[in-house]
Amino acid sequence: MKHRFLTGFVLFLGLSLSLCSSQTCVLNDKDGLGRVFDGIGGLSGGGATSRLLVNYAEPYRSQILDYLFKVGYDPNFGASLHILKVEIGGDAQTTDGTEPSHMHYENDENYFRGYEWWLMKEAKKRNPNITLIGLPWAFPGWVGHGKNWPYDFPDITATYVVNWILGAKQCHDLDIHYVGIWNERNYDSKYIKVLRNTLDKVGLTGVGIIAADGDWSIANAMLVDPYLNESVEAIGAHYPGTTTVKEALKTQKKLWSSEDYSTFNNEVGGGCWARILNQNYVNGLMTATISWNLVASYYEELPFGRDGLMTAEEPWSGNYVVESPIWITAHTTQFAQPGWTYLETVGHLAQGGSYVALTDERGNLTVVIETMTHDHSVCVRPPLPPFNVTSQNATFQLKGSFASIKELQVWRSQFHFKTKKPSFFEKLAPLKLFDGSFTLNLAEDEVYTLTTITTGQKGSCTGSPPSARFPKAYKDNFNVRNPPFSEAPNFADQTGVFEYYINMTDPGPHVFTLRQVLTEKPVTWVSDADQTISVIGDYQWQNLTVTCDVFMESVKTGGVFIAARVDKGGQSIRSAKGVFFWVFADGTYKVTSDLTGQTVLAEGQSGTRAHGWHTLSLTVEGQYASGLLNGYPLWKNAVVLTPKNGWAAIGTHSFELAQFDNFAVVAEY
């Protein structure tokens, strides 16, 4: 394809991190290089953002993973991510759901719960050199010893985290490279030092600490506390707006945007990602940028729906969508690797936009240019100050060790917001250089990569199946003797943890069940509900019947429910409305329109007791709801005005042990 290249003339770029002088940008390594590039990554967790991914059937699951992680020297494939950061599950709601801990209780260790272990192994299969990071968003209740705070007993908290790192290696042969402190909460200097000491004592001297996954404020403490400064390998800030602070620079530590993006993954989201991938270094000298989240693989109506690099939210149909951020990522990841070095000569273009250049110091050079306009690159946070970008000619002059380069490979993405016909990661004909110089005619909202690397590829699979709604009729008897994952397909725990369970005391039909296993509220950065709940299905369901066998394990105080039309999840779960049919171990029942049980629609005697199985059935049709207990009507014609639609759900009255079996739903939209 013909490109818009012009012959150019050369002027000297006086300062790095500045505007090109007279729109000539000099790329030179003669006077030294910039910081070492640490990579681009994605974040699974914070929380439960990859929940539905594991339920995809092959080959679609592998195709999704290939688009995210697959690398190769000849050729690459998709996003080819350098970094995978995962949540160290803490049994708590941490944005879009709960991720299970490896230690529900102090004397409990299980390094096969959840799906992050599996995801890290799949990522490593596709990129053996991938950097793995773990970060807690929450901790099991026992870590806090009755308080919603993990730092009062730093040795206990540090041991808990280090056990996770050891379990990753011993059970999955995974080497964790970095570990964080506590997501977006106050850090504790003493705990960071204890964590460093605990890591060193068990031989994990190569595991770096990244702190503090919030703002840059820890830098001030590091400057006056040598031991703290020595304990921290990288300062990680969230949503820094492409800028850093002088105190962070003074530490001379690695500076990372350890969580960024968090934006709906349409083309504007792709523009956001393109802008910050370049400008996090140009403006802030940040050498790694990690997207929250990796893949939008959770029910879209949960908070921050589709805020991933790609979308995979329909395991029942197999449908997934490779969104623009995947290919924007590829502009950098396929042509520069961790360990490469930024040139000092990076900066802003005269008419808006930015450029970075990286080298492996063995003759290879990669230049990434973006011209994203303000309104087409707005991220969800922080607010974006106004700026202007217009079409321009930009001349680049290669000097130093790059002066002898005669040809560059060219890859281009054009967003075409006016025509709504974008083209992403398009390979153009190689560019011939004359006296080390070339000129680009840059339009608005474009991304270019010019590189000596020849292994780029826009990978493609056979295509995902058409999108489809969640099945109207769905059932699960949980009869899985050796489940590949601890959670049942499509259930999305919002509080509590629901796991496959083998009921050894039941010789009858309920040997294999789903069990809520937490008996204590976790230490969490958000306000968990007092109840536990796991949602499933289609948010647009209106008329439906939910049936489930239930088993309460708490004598006298036990309580369980099934629900329909549940309208909220994630961090808003405490205020969820719907139709909730509760039975209790004291022989009563209740029907409420909210999870907290404050608005009662019906109540009375049920005769239900703990340690016995009961079958609940809830039917909601139009403005009326009715319930069956063990096949017999218990209540009927409760008036339900709102909400009009929502998920089905199961749950418990408190953090208590309870079992569920033979779940079924039949629904209409």
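Above this text is the structure in question.
As the structure is a computational prediction, the values presented were derived from the model and not from experiment.

Colleague: I'm lost on the overall build of the protein in this one. Help?
Modeller: Broken down by element type, the protein carries nine helices and 40 strands. At 27 Å, the protein has a C-alpha radius of gyration in line with the 26 Å of a compact globule built from 669 residues. Summarising its shape, the C-alpha atoms of the protein cover approximately 90 × 55 × 40 Å along the three principal directions. Of all 669 residues assigned to the protein, the portion counted as buried reaches 63%. For the protein, the share of sequence-separated contacts (at least 6 apart) that also reach a separation of at least 24 residues comes to 72%. Counting 52 positive and 67 negative side-chain charges, the protein places the averaged centre of each group 3 Å from the other.

Colleague: For this particular structure, what's the right way to read the packing of aromatic side chains?
Modeller: Centre-to-centre distance and the angle between the planes together describe a pair of aromatic rings. By the definition in use, this model includes 41 aromatic pairs. For the pair Tyr-111 and Trp-117, a centre-to-centre distance of 6.1 Å together with 75 degrees between the ring planes defines the contact as edge-to-face. The buried category is assigned to Tyr-111, whose relative accessible area is 9%. What makes Trp-117 buried here is its relative accessible area of 6%. Considering the side-chain rings of Phe-478 and Phe-491, the 6.0 Å spacing of their centres and the 50 degrees angle between planes classify their relative orientation as tilted. One end of the pair, Phe-478, is in the loop between β25 (473-476) and β26 (492-495); the other, Phe-491, is in the loop between β25 and β26, and 13 residues separate them in sequence. According to the relative accessible area criterion, Phe-478 is buried, its value standing at 1%.

Colleague: Help me understand the sheet that holds β26, please; the structure alone is not making it clear to me.
Modeller: Neighbouring strands of a sheet are bound in pairs by backbone hydrogen bonds; such pairs are parallel or else antiparallel. The strand order β26-β30-β39-β32-β33-β34-β35 describes an open sheet built from seven strands, whose pairing is antiparallel. Edge strands, defined here as strands with exactly one partner in the open sheet, are β26 and β35 (600-605). Between one strand axis and the next, the sheet turns by 20 degrees as a mean value, whatever way the strands run. As paired strands, strand β34 (residues 588-594) and β35 are joined by five bridges and run antiparallel to one another. Paired with Val-591 across the strands is Ala-602, a residue of β35.

Colleague: For this particular structure, what's the right way to read the nonpolar core?
Modeller: Burial of nonpolar side chains together is a common tendency in soluble globular proteins. Among the nonpolar cores identified, the biggest contains 180 residues, and Phe-69, Leu-84, Leu-195 and Phe-663 are the most heavily contacted of them. Residue assignment places this core across two domains, with domain 1 (29-451) and domain 2 (473-668) each supplying three or more. Excluding its chain neighbours within four sequence positions, the residues that come into contact with Leu-84 are Gly-42, Ser-44, Phe-69, Leu-119, Met-120, Ala-123, Ile-130, Thr-131, Leu-132, Ile-133 and Leu-294.

Scoring rules and cut-offs
Residues numbered from 1 in each chain as written. Predicted model: local features only at pLDDT ≥ 70, side-chain atom pairs only at ≥ 80, totals over all residues. Heavy atoms only, no water. Helix = DSSP H or I, 4+ residues; strand = E, 2+ residues; numbered from the N terminus. Rg over C-alpha atoms; globule rule 2.2 N^0.38 Å. Buried < 20%, exposed > 50% of the residue type's maximum accessible area, 1.4 Å probe, protein only. Contact = heavy atoms within 4.5 Å. Lys, Arg positive; Asp, Glu negative; His and termini not counted. Charge placed at Lys NZ, Arg CZ, Asp CG, Glu CD. Phe/Tyr/Trp six-rings, centres within 6.5 Å; stacked < 30°, edge-to-face > 60°. Pairing = 2+ DSSP bridges. Axes fitted to C-alpha atoms, helices over the stretch in contact; angles between N-to-C directions. Core = buried A, V, L, I, M, F, W, Y, C linked by side-chain atoms within 4.5 Å. Domains from an automatic or database assignment.

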